[in-house]
Amino acid sequence: MKGTLEQSNKARALEAFDALFNRRDFEAAEKSWSPDYVQHSAHVPQGREGLFNLVKSLPPSARYEPGLVMADGDMVMMHGRFSGRGSSPNWIAVDIVRMVDGVLVEHWDVIQDEASRAASKSGLPMFGASFPGES
């Protein structure tokens, strides 16, 4: 049954991020984030309200785009892009969440600025198949 738990946790984490960052549906997001949510990010204030208030302060153009998603038991790791934050460049992040009964209870992240084609020493994009602004 481990695979079923992991698949469920991945789906719930993706839905939670979409509800909060893309749809700005705070009522749905409240069901996805624990009231006792623990935040380890240097970029986000502590707790669920700290996260929600940060999202409320972002411009309407702010978006989260998921990429690779992996799960191991109650831990989910998502590689994604945060764009439209009102500053550039985009952020590429690995968000790691711990889940209990389908609810996000704890979060860590690793964030870096997304490199342009000119700045990429490898010549490859950091996220997806193309550089920002290219199709």
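Residues take numbers from 1 onward in each chain, read along the sequence in its written order. Two thresholds apply to this predicted model, a pLDDT of at least 70 for residue-level local features and 80 or more for giving and counting side-chain atom pairs, whereas whole-chain, interface and lining totals are computed over all residues. Think of the side-chain values as coming from all heavy atoms in the structure, minus any hydrogens and water.

Novice: Go over the packing of aromatic side chains, please, and point to the residues and values.
Specialist: Here a ring pair, both rings aromatic, is described through the centre-centre distance and the interplanar angle of the planes. Classification of ring pairs rests on two measures: the distance between centres of Phe, Tyr or Trp rings, Trp counted by its six-membered ring, which must be within 6.5 Å, and the angle between planes, read as stacked under 30 degrees, edge-to-face over 60 and tilted in between. Throughout the structure, instances matching the rule amount to nine aromatic pairs. Each ring, one from Phe21 and one from Tyr64, has its centre 6.2 Å from the other, and the planes form 40°; the classification is tilted. Residue Phe21 is found in helix 1 (residues 2–22), and its partner Tyr64 is found in strand 2 (residues 63–72); the two are separated by 43 residues along the sequence. Accessibility classification places Phe21 together with Tyr64 in one group, the buried group. In this arrangement the basic side chain of Lys56 is found over the ring face of Phe26, its NZ or CZ atom lying 4.9 Å from the centre. Here a strand is any run of E in DSSP of at least two residues, a helix any run of H or I of at least four, and the numbering for each starts at the N terminus. Under the scheme applied here, a residue whose accessible area is under 20% of the maximum for its type counts as buried, over 50% as exposed, and between as partly exposed, the area being computed with a 1.4 Å probe on protein chains only. Look at NZ for Lys and CZ for Arg. If either is within 6 Å of the ring centre and within 35 degrees of the ring normal, a charge sits over the ring.

Novice: Please provide a residue-by-residue account of the environment of Gln112, values included.
Specialist: The topology assignment puts Gln112 in strand 5 (residues 103–113). Throughout, a contact is declared for two residues whenever any of their heavy atoms are within 4.5 Å. Apart from residues no more than four positions distant in its own chain, Gln112 is found in contact with Asn90, Trp91, Ile92 and Met126.

Novice: Outline the environment of Arg48, listing residues and values.
Specialist: By the element assignment, Arg48 lies in helix 3 (residues 47–57). A relative accessible area of 14% places Arg48 in the buried class. It is 11 Å that separates the C-alpha atoms of Arg48 and Phe26, two residues lying 22 residues apart in sequence. Setting aside chain neighbours within four positions, we find Arg48 in contact with Glu30, Trp33, Ser34, Pro35 and Tyr37.

Novice: Which residues make up the sheet that holds strand 3 (residues 75–83), and what values go with them?
Specialist: Whether two strands pair comes down to DSSP finding at least two bridges between them. Pairing is mixed in the open sheet, where five strands are placed in the order 1-5-4-3-2. Each edge of the open sheet is held by one strand with a lone partner, namely strand 1 (33–39) and strand 2. Strand after strand, the sheet turns through a mean of 25° between neighbouring axes, direction not considered. Interaxial angle, 0 to 180 degrees, is taken between N-to-C directions of lines fitted to C-alpha atoms, where a helix line uses only the stretch in contact.

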